Amino acid sequence: MKTQTAKIIFPLLLIGVMSISGCALSQMKKAAKNQELVVAPSPLEVHADTVRFELSANLPVKMLKPKKVYELSAFYKYGTQERALRKIEFRAVDYPNSNTEQPKITQEYVFPFRQGMERGNIEIQGKAINPKSGSYLETERLGIAEGLITTSKLVQPSYFAAYADHGYNDQEELIPTNVEFFFDQGKSVFKTSEQDSDRGARFAAFIAEKNVTRTVTITGSHSPEGKETINSELAQERADAIEKWYREQMDKYDYQGLASNIRFIIKPVVQDWNGLKAMLASYDGISSSQKSEWNSIINGSGSFEQKEKELQKLSTYKQVFKDVYPALRTATTEVLTVMPKKTKAEIATMALNSASQLSVEELAYAAANNPSLEEKKSIYEAAAGKNDTWAIHNNLGAVHLQMAMGQTGRTQRNSITTALNHFNISNQKNANVEAQSNIGMAMAMQGNLWGAHAALTKAATMSPGNDVRQGVNGAKGAVEIMVGRYDLAIASLNRASNSSVDQFNKGLVQLLRKDFRNAQTTLESVIGNDRGYVWAHYAAAISAARLDNENKVIEHLRNATTADSSLKQKALTDLEFRKFSGTDAFRNLMN
């Protein structure tokens, strides 16, 4: 040993001193056999790519000697490798009562997790040291804790690509066409002069086009003077006259079966002041104060006829009667026809072969309905050539993001970079929740977990639609598990989707939070909805192990290993199942 070598070269005069020193070190080494070393947690666990544990060391009374140091060196040994950890030193001067009280230290340790560390041990080696001479005596290494439980690494990424709405209305849309015809005072005859007017000619031409028509609404009305109001049927008759003429036009242009699909709605307006009030508001033939006189009577008390008689007393009545009243003797027609549109199949074909003939909205609609990512990308690029809106840039980036989800290596990195460029342009044009969400997804795929978390958190504040909100919470929850923030993860995953991935991650975070019964319930619910979800079976077995339920452990492990035989080796070395590894049921299952 080193001390023995040191004794040989030291001068004779110091032999007595060294003998005393060596005796002290030997006594410390011997006493170290009774030291108390406790590691928590045991076995060690990985969270957020980090292993944390506490080592509590209690030395025997009278172990420490004056002017000597007792040093504890900690190592994590795995396979043929080891990681040296922080040392603990005990000095007698720091423990003045060490002859009657146990010297105690609790030290926190942290080291990064690396692949290959899954199975290893914490080893401790003591060293009694004489700082003055440099001589020392070492104890044997002791294995004091196993490692590592890696259950947190079961988290599944929850990625999705958020697409902005294409903006194309693929539902039936109706176009209103309006025309107004006028009648003589007290009459309901649809005059030839009205039929031959520009309005009549344009309307007849419109009918001749045989547009697909849903409804024809005809509203008859009358002016409020006596000759009009005394005939309560006048408004109805005017509406009927227009309907009769409209049907004659349909016969003329051979509508045949089309006519039966058109619904005529007749609305007679009787004793209604709204038309007059509206026209008075824009009429400049009388002053504002004179208009107030009219409105005071119209809005006052009394019957329709009584108000009309009061209006006739106004000095401005004859002028208003001449200028305004004729325009109230009408029948107004509104025709709702179906807007001509290309079929979904036509748009899909044209988007690939003649994109220039489609609008940006039609192209975005075609891309949204095309399952091929390559064709989807091509269509969005054509749309960007027409008008590079924020929505098109976001959706083009979303395609690249989706492509990246199925790629690896440099190809994936390039796709993510391209996607991020489009998302940033989209946000510059118009800050939007879809691009913000996608930025978070892309960062998560790059491994920038805290950057992803910040981006997703911002997206969650931007009032997203339900699908985007659930997608953001699912991705955010997965990232929060990866960074070890289980308190945040459970809140996010409670608001995530019902997809197998999001619900699996919810069950996993419940397990990591030691909420074992709820974890079991959640994971078995995932299995009930998706029996092929292998990791749900495996995690449910871990939850059952934490609950000390051997039957459930075996049941879920059997389902997991039947679906994926490689999981047998994982289960054999997984410290989650250490309690059961010696049972017949476990051994039989693993054979």
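The sections below set out a description of the structure shown in this document. (Residues numbered from 1 in each chain as written. Predicted model: local features only at pLDDT ≥ 70, side-chain atom pairs only at ≥ 80, totals over all residues. Heavy atoms only, no water.)

## Some remarks on the packing of aromatic side chains
Going through the model one piece at a time under the given rule, you end up with 25 aromatic pairs. Consider the rings of Tyr70 and Phe90, whose centres lie 6.5 Å apart with planes at 40 degrees: the pair is tilted. Of this pair, Tyr70 sits in strand 4 (residues 69-78) while Phe90 sits in strand 6 (residues 88-91), placing them 20 residues apart in sequence. Judged by relative accessible area, Tyr70 falls into the buried class, the value being 0%. (Phe/Tyr/Trp six-rings, centres within 6.5 Å; stacked < 30°, edge-to-face > 60°. Helix = DSSP H or I, 4+ residues; strand = E, 2+ residues; numbered from the N terminus. Buried < 20%, exposed > 50% of the residue type's maximum accessible area, 1.4 Å probe, protein only.)

## Topic: the sheet that holds strand 13 (residues 263-268)
Across the sheet, which stays open at both edges, the four strands sit in the order 11-14-12-13 with mixed pairing between neighbours. The open sheet is flanked by strand 11 (174-182) and strand 13, the only strands paired with a single partner. Direction aside, the axes of adjacent strands within the sheet are offset by 15 degrees on average. The sheet contact formed by strand 12 (residues 213-220) and strand 14 (residues 330-338) spans seven bridges and is antiparallel. Looking across to strand 14, one finds that Gly220 is bridged to Ala331. Helix 4 (residues 198-208) rests against strand 11 and strand 14 of the sheet, and its axis sits at about 145 degrees to strand 11. (Pairing = 2+ DSSP bridges. Axes fitted to C-alpha atoms, helices over the stretch in contact; angles between N-to-C directions. Contact = heavy atoms within 4.5 Å.)

## A look at the layout of surface pockets
Considering only enclosed or pocket space, the second largest pocket measures out at about 250 Å³ in volume. What lines the second largest pocket is a set of 17 residues, among which Ser221, Val269, Gly275, Leu328 and Thr330 lie closest to the centre. Among the elements of the structure, helix 8 (274-282) and strand 14 are those that each provide at least two residues to the lining of the second largest pocket. Per-element tally for the lining of the second largest pocket: the top contributor is helix 8, with three residues. Class assignment for the residues of the lining of the second largest pocket results in eight nonpolar, seven polar and two charged. (1 Å grid on protein atoms, 1.4 Å probe; cavity = no way out; pocket = protein on both sides within 12 Å on 5 of 7 lines; lining within 4 Å. Points joined across faces, edges and corners; volume = space filled by probe spheres on them. Nonpolar A, V, L, I, M, F, W, Y, C, P; charged D, E, K, R; others polar.)

## A few points about the environment of Leu523
You can see Leu523 is positioned in helix 22 (residues 516-529). Among residues more than four places away in sequence, those in contact with Leu523 are Phe504, Gly507, Leu508, Ala536, Ala539 and Ala540.

## Here we look at the pattern of salt bridges
Tallied over the full model, the rule gives 25 salt bridges. In this structure, Glu576 engages Arg546 in a salt bridge whose closest nitrogen and oxygen atoms are separated by 2.7 Å. In this pair, Glu576 is assigned in the loop between helix 25 (567-573) and helix 26 (584-590) and Arg546 in helix 23 (residues 534-546), connecting sequence segments 30 residues apart. According to the relative accessible area criterion, Arg546 is partly exposed, its value standing at 26%. Salt bridges here are not isolated pairs; linked through shared partners, they connect Glu82, Glu123 and Arg141. (Salt bridge = Lys/Arg side-chain N within 4 Å of Asp/Glu carboxyl O.)

## Description of the nonpolar core
Counting 40 residues, the largest nonpolar core has Ile481, Phe504, Tyr538, Leu557 and Phe577 as the members making the most contacts within it. For this core, the secondary-structure elements that each account for two or more residues are helix 19 (466-482), helix 20 (486-493), helix 21 (500-512), helix 22, helix 23, helix 24 (550-563), helix 25 and helix 26. Apart from the residues lying within four places of it in its own chain, the contact partners of Leu557 are Tyr538, Ala541, Ala571, Phe577, Phe586, Leu589 and Met590. Counting residues in hydrophobic clusters, the runner-up holds 36 residues, among them Leu44, Leu59, Leu85 and Phe113. (Core = buried A, V, L, I, M, F, W, Y, C linked by side-chain atoms within 4.5 Å.)

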